[in-house]
Amino acid sequence: MRLSISGKAMIIYGSIFTAIISLTFGLSYFGTVGRLQTDLKDTHIALLKQIDKRIEIAFRSTEKDLLNLSQELEYVYFMYDSFDDASQKYTNFFGLSNKLKTMVQAGEQFSSVFVYSNTSGDIMTDTTFIKKHESEDNWLGSYIEMEGYSKWIATHKVWDGDKLQDVVTLIRPYPLISSPGYRKGLVAVNIHEDILYQMISDVFEGSQEGVHTFIIDDKGNIVTHDDKSKLYKNMTDLPYIQQILGETGNGQFVAELNEGKQSIFYTTSNYTGWKIVSVIPETQLYQPLKSIRNLMISIVILMFVLAMAVLFYVNRRTFKPLDRLVTKMSGAIRPAKTGQGVRLDYLETVFDQMFLDREQLEQRVRDSKPVLKWRIVMDMLTGYRTDYASVSPQLKFTGFNFHPDMFVVCTAEIGKIGGISSKDETLYTYALCNVAEELINMETAGVAIDLGSGRAAIIFSFAEGDVEQNHLQALTILELILDIMKHQFGLLVTAGVGRCYRDMKDIPRSYDESEKALQYRMVIGSHAVISIEDLIGSDNQDYYRIIRMTERIVEALRHTEYGKIQHNVSLLYLEAVEGGLSPELIRHLSYELIMKSLQAIATIGIDMEEILDSMGNQLHERMNRCRDWQELKTIVLTELEQMAKKVEEKRMQRGSNKLIDKMLAYIEDHYRESEFSLAQLADQFELSPTYISKLFKEYTENNFIDYLIETRIHASKQLLTDKNRKINDIAEEVGYTNTRSFLRAFKKYTGMTPSEYRDWVLDSNAKLTLEQAP
């Protein structure tokens, strides 16, 4: 059967419309529903991360409270069991008990606080005191040799002196930064399990019908669960729990449980290592998508009906007249030549437009290649693309080579003396990426992209060789890149390099390591290749030793001795850098020094709020932006000198007192006498001890006994610089007949024994002399 023009047009255009509508529906359906499915999964993961964030904030607040508690004098005495008599012991116990009660009352999430002294074996809580021989089950003492400096224990039952409670426990040793064998005791903060689960309920706003959300530790033990009957159980016998424990980070998968198909969502806490898990029925998870599917089917049916109606209308108006015209002319018109047909001029316009559209499409594809390349690399760095087979065609399309295994990631940052404008920063980063790709592809294969703000990510891939060999080759290429950028562009490039990994899925790990290595430019300096494998691990024992040096700085601040402040600050940072402290610990050391100094000057009547206002709200941010430790030292030194000026102004406002000056001179002449006391001073000046004590506190910012001890300790420090003097002789020379009393007082005021102080001073002075030598 021979079809007419209108019949052919109906078939052709009907087929086209049907194909377009079907394709549009397919793309829209799978794009919309698929995207919504992804969004639903991402939303559930985001909710779990939000729970993790809330728990981390609460736990970090708990650690901060423990840090404050560890600085209390009653806490230290209890840990060392250092008491002169029973009266002092019970007074200290009463003070420590009150501080524990205050801590529990201030934190609504706290159930109880346990302080355990390994020296005495005693346990103090916020409600009771348990002697060593009275404790039938010292559960806390079993953690004295635990690994690390803190430990979170999953839900367990603890007797708080009144009843058993389900709690999660944070355990910290004392001293806070100490290894097994050096600990004096432990402190444990117990948090209600109900409080922990309430954080989950708050995030889900209480609407968890059919949803089970719970937390397990790294061994599969239940930390908290909506079904309280599951507390204290281990869930590793369940296959989906085994799968979760074997994974890192966060993710989602489907498992067949007794209730049917369930979607399992999980995320891993970087802080505690716990897994937060949510189990949702598949039918409930994708219920919102059914209405969308039905709506889209209705729309496509309506589109098909409208398309057919339009097609019949256009055919009636266009091709039917053409059929009639052809019918009328078929007998009258004959082609002039064989094969010659009727010309339709409008077809030429259509074809011209098609060719023009094709050229524009090719241009758009060329223009989109850099963007596609950047997107692919970012996906690899963040872990969204981990299969080389699936990403390989896209890599070839964008025009860069990549081997299927052996990957090293580098994060590079450019700088220039005098700074770089934002416009030049982009151009220089582009130049760095081009130079890097050119040199890498001469030896192996790789890619570089601009991360913004003068930073670039460089990925090396190798076709052969082992891990160590390829890592070394990457470092060699980077050294050459830095040399070219410096000589040709005058740029200082600092590169942090992660480890070499065999699989593409490990690229994010190498990227994170390169970011961490790049942070060490604060210590190592700019224009260097910093490998993660070359970094010295932070020794917390060194940090604990170095932080004690801040006492000398605080003492010099109290006496407004600018020279000693500068000298001791220089020693502090020199020890920190040579000790291999990480940038994070150096910043923390700086914060600690500022806070100790603020607390010291607050005791003499200076308003801390006024000092903080003068520092400005940007102090913390300025310290975090420091690129090297010298810049950080300058900021800290400037703030300390400002505090010293405030102390001077305060003392000038107070004025002087001739009577106090005479007393201070008298003390300076007689402090070496072991029996020297406030009563002797009162007899000498014919005044009552009470009046002298009040006058002394007002003008010296200290009470008499503390001033006398500080005078003796200060004199002993000068004598200790002579390494030939014996400790016993020095103690007697400064007024102590009992050497043990001298050792205790010296340790309290300096944080070190006299022998440790002598070694530290001699060693520090020798290092500073070498540092200042031309």
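Reading guide: rules and limits
- Residues numbered from 1 in each chain as written.
- Predicted model: local features only at pLDDT ≥ 70, side-chain atom pairs only at ≥ 80, totals over all residues.
- Heavy atoms only, no water.
- Helix = DSSP H or I, 4+ residues; strand = E, 2+ residues; numbered from the N terminus.
- Buried < 20%, exposed > 50% of the residue type's maximum accessible area, 1.4 Å probe, protein only.
- Contact = heavy atoms within 4.5 Å.
- Areas by Shrake-Rupley, 256 points an atom, 1.4 Å probe, with all protein chains shown as cover.
- Phe/Tyr/Trp six-rings, centres within 6.5 Å; stacked < 30°, edge-to-face > 60°.
- pLDDT = per-residue confidence, 0-100.
- Pairing = 2+ DSSP bridges.
- Axes fitted to C-alpha atoms, helices over the stretch in contact; angles between N-to-C directions.
- Salt bridge = Lys/Arg side-chain N within 4 Å of Asp/Glu carboxyl O.
- Patch = residues over 30% accessible without salt bridge, like charges linked within 9 Å, V, L, I, M, F, W, Y side chains within 5 Å.
- Parallel < 35°, antiparallel > 145°, perpendicular 65-115°, else oblique.
- Left-handed = near helix turned anticlockwise from the far one by under 90°.
- Nonpolar A, V, L, I, M, F, W, Y, C, P; charged D, E, K, R; others polar.
- Polar contact = N/O pair within 3.5 Å; in protein donor to acceptor, adjacent residues only side chain to side chain.
- Arc of directions from axis to C-beta.

Draft legend 1. Broad picture of the overall build of the protein chain. When helices and strands are counted, the protein chain shows 28 helices and 16 strands. With 774 residues in all, the protein chain has 43% of them scored as buried. Partitioning the contacts of the protein chain with sequence separation of at least 6, the portion at a separation of at least 24 is 65%. Only carbon and sulfur atoms are counted for the fraction: they give 53% of the accessible area of the protein chain, which is about 42300 Å².

Draft legend 2. Looking closely at the packing of aromatic side chains. Under the criterion given, the structure shown has 19 aromatic pairs. Here F59 and W274 contribute two aromatic rings whose centre-to-centre distance is 5.8 Å and whose plane-to-plane angle is 90°, an arrangement assigned as edge-to-face. Here F59 is found in helix α1 (residues 5-70), whereas its partner W274 is found in the loop between β10 (260-268) and β11 (275-281), with 215 residues between them in sequence. The burial state of F59 is the same as that of W274; both residues are buried. With 6.1 Å between their ring centres and 50° between their planes, Y757 and W760 make a pair best called tilted. Residue Y757 and its partner W760 are both found in helix α28 (residues 754-772); the two are separated by three residues, about one turn of the helix. Relative accessible area serves as the criterion here: at 6%, Y757 is assigned to the buried category.

Draft legend 3. Representation of unusual backbone geometry. For the bond running from Y174 to P175, omega is -5°, close enough to zero to count as cis. Mapped onto the fold, P175 is located in the loop between β5 (164-174) and β6 (185-192). Positive phi is not limited to glycine here, since M406 has a value of about 65°. Structurally, M406 is set in the loop between α10 (388-398) and β12 (407-415).

Draft legend 4. Layout of the confidence of the model for the protein chain. Considering every residue of the protein chain, the mean pLDDT works out to 78; 82% of them sit at 70 or more. Per-residue pLDDT, averaged within each element of the protein chain, yields its smallest value for helix α8 (residues 319-329) (54) and its largest for strand β14 (residues 455-461) (92). Every residue in residues 329-347 is under pLDDT 50, and counting partners more than four places away or in other chains gives one contact.

Draft legend 5. Structural view of the sheet that holds β6. Strand order across the open sheet formed by six strands is β3-β2-β1-β6-β5-β4, with antiparallel pairing between neighbours. The outermost strands of the open sheet, each flanked by one partner alone, are β3 (129-130) and β4 (151-159). Relative to β5, β4 runs antiparallel, the two sharing seven bridges. Across the sheet, the residue bridging to H156 is V167, located in β5. Those strands touched by helix α3 (residues 86-106) are β1 (110-117), β2 (123-125), β3 and β6, and its axis lies near 150° from that of β1. Helix α4 (residues 193-203) contacts β4, β5 and β6 of the sheet and is inclined by roughly 55° relative to β6.

Draft legend 6. Structural view of the environment of N401. Mapped onto the secondary structure, N401 falls in the loop between α10 and β12. We classify N401 as exposed; its relative accessible area is 57%. Residues N401 and S461 lie 60 residues apart in sequence; the distance between their C-alpha atoms is 9.1 Å. Discounting residues that sit within four places of it in the chain, N401 has contacts with A445 and G446.

Draft legend 7. Layout of the pattern of salt bridges. Applying the stated rule across the entire model yields 15 salt bridges. Of the charged contacts, one joins K157 and D166 as a salt bridge, the two residues approaching to 2.8 Å between their closest N and O atoms. K157 sits in the partly exposed class, given a relative accessible area of 47%. A residue is classified by how much of its surface remains accessible, and D166, at 25% relative accessible area, is partly exposed. Measuring nitrogen to oxygen at the nearest pair gives 2.5 Å for the salt bridge that ties E437 to K373.

Draft legend 8. A nonpolar patch on the surface, seen in detail. A surface patch of nonpolar side chains, about 360 Å² in accessible area, is lined by I12, Y13, I16 and I20. As for its position among the elements, I20 is in helix α1. The exposure class assigned to I20 is partly exposed, which follows from its relative accessible area of 45%.

Draft legend 9. Region of the structure containing the packing of helix α11 (residues 422-443) against helix α12 (residues 467-489). Viewed as axis vectors pointing N to C, α11 and α12 meet at an angle of 140°, and their least axial separation amounts to 10 Å. With respect to α12, the axis of α11 lies oblique. At the point where α11 passes α12, the crossing takes the right-handed sense. Along its contact with α11, which presents Y428, A431, L432, V435, A436, L439, I440 and E443, the element α12 presents Q473, I477, L480, I481, I484, M485 and F489. Grouping the constituent residues of the contact of α11 with α12 by class yields 13 nonpolar, one polar and one charged.

Draft legend 10. Summary view of the pairing of β5. Most of β5 is tucked away, with nine of its eleven residues classed as buried. Sheet topology note: the β5/β6 ladder contains eight bridges and is antiparallel. Along β6, the bridge assignment pairs V168 with I191.

Draft legend 11. Here's a closer look at the sheet that holds strand β7 (residues 212-216). The five strands lie next to each other as β8-β7-β11-β10-β9, forming an open sheet whose pairing is antiparallel. At either margin of the open sheet sits one strand with a lone partner, and together these are β8 (222-225) and β9 (250-257). Neighbour-to-neighbour, the strand axes of the sheet open up by a mean angle of 25°, direction not taken into account. Direction of pairing for β7 relative to β11: antiparallel, over a ladder of five bridges. Paired with H212 across the strands is V279, a residue of β11. Relative to β8, α4 is tilted by about 60°, and along the sheet it contacts β7 and β8.

Draft legend 12. Local environment of the side chain of D379. Tracing the chain through its elements places D379 in helix α9 (residues 345-382). A polar side-chain atom of D379 sits 2.9 Å from a polar atom in the side chain of R385. Excluding residues that lie within four positions of it along the chain, D379 makes contacts with Y384 and R385.

Draft legend 13. Inspection of the environment of L598 at higher detail. When you line up the elements, L598 lands in helix α18 (residues 583-602). Exposure remark for L598: the relative accessible area of 0% places this residue in the buried category. Separated by 44 residues in the primary sequence, L598 and V554 have C-alpha atoms spaced 9.2 Å apart.

Draft legend 14. Focus on α10. Along α10, the positions that sit buried rather than exposed are V391, S392, L395 and T398. Taken end-on, α10 shows its buried residues confined to a sector of 130°, consistent with a single buried face. Opposite the packed face of α10, turned more than 90 degrees from it, sit the exposed residues A389, P393 and K396. Just downstream of α10, G399 is the residue with a positive phi angle, here 95°.

Draft legend 15. The packing of helix α22 (residues 658-670) against helix α23 (residues 678-685), seen in detail. Direction vectors running N to C along α22 and α23 enclose 125°, while the axes themselves pass 11 Å from each other. As the angle between them shows, α22 and α23 are arranged oblique. Of the two elements, α22 crosses α23, and the hand of that crossing is right-handed. Of the residues in α23, those in contact with L659, K662, M663, Y666, I667 and H670 of α22 are Q680, L681, Q684 and F685.

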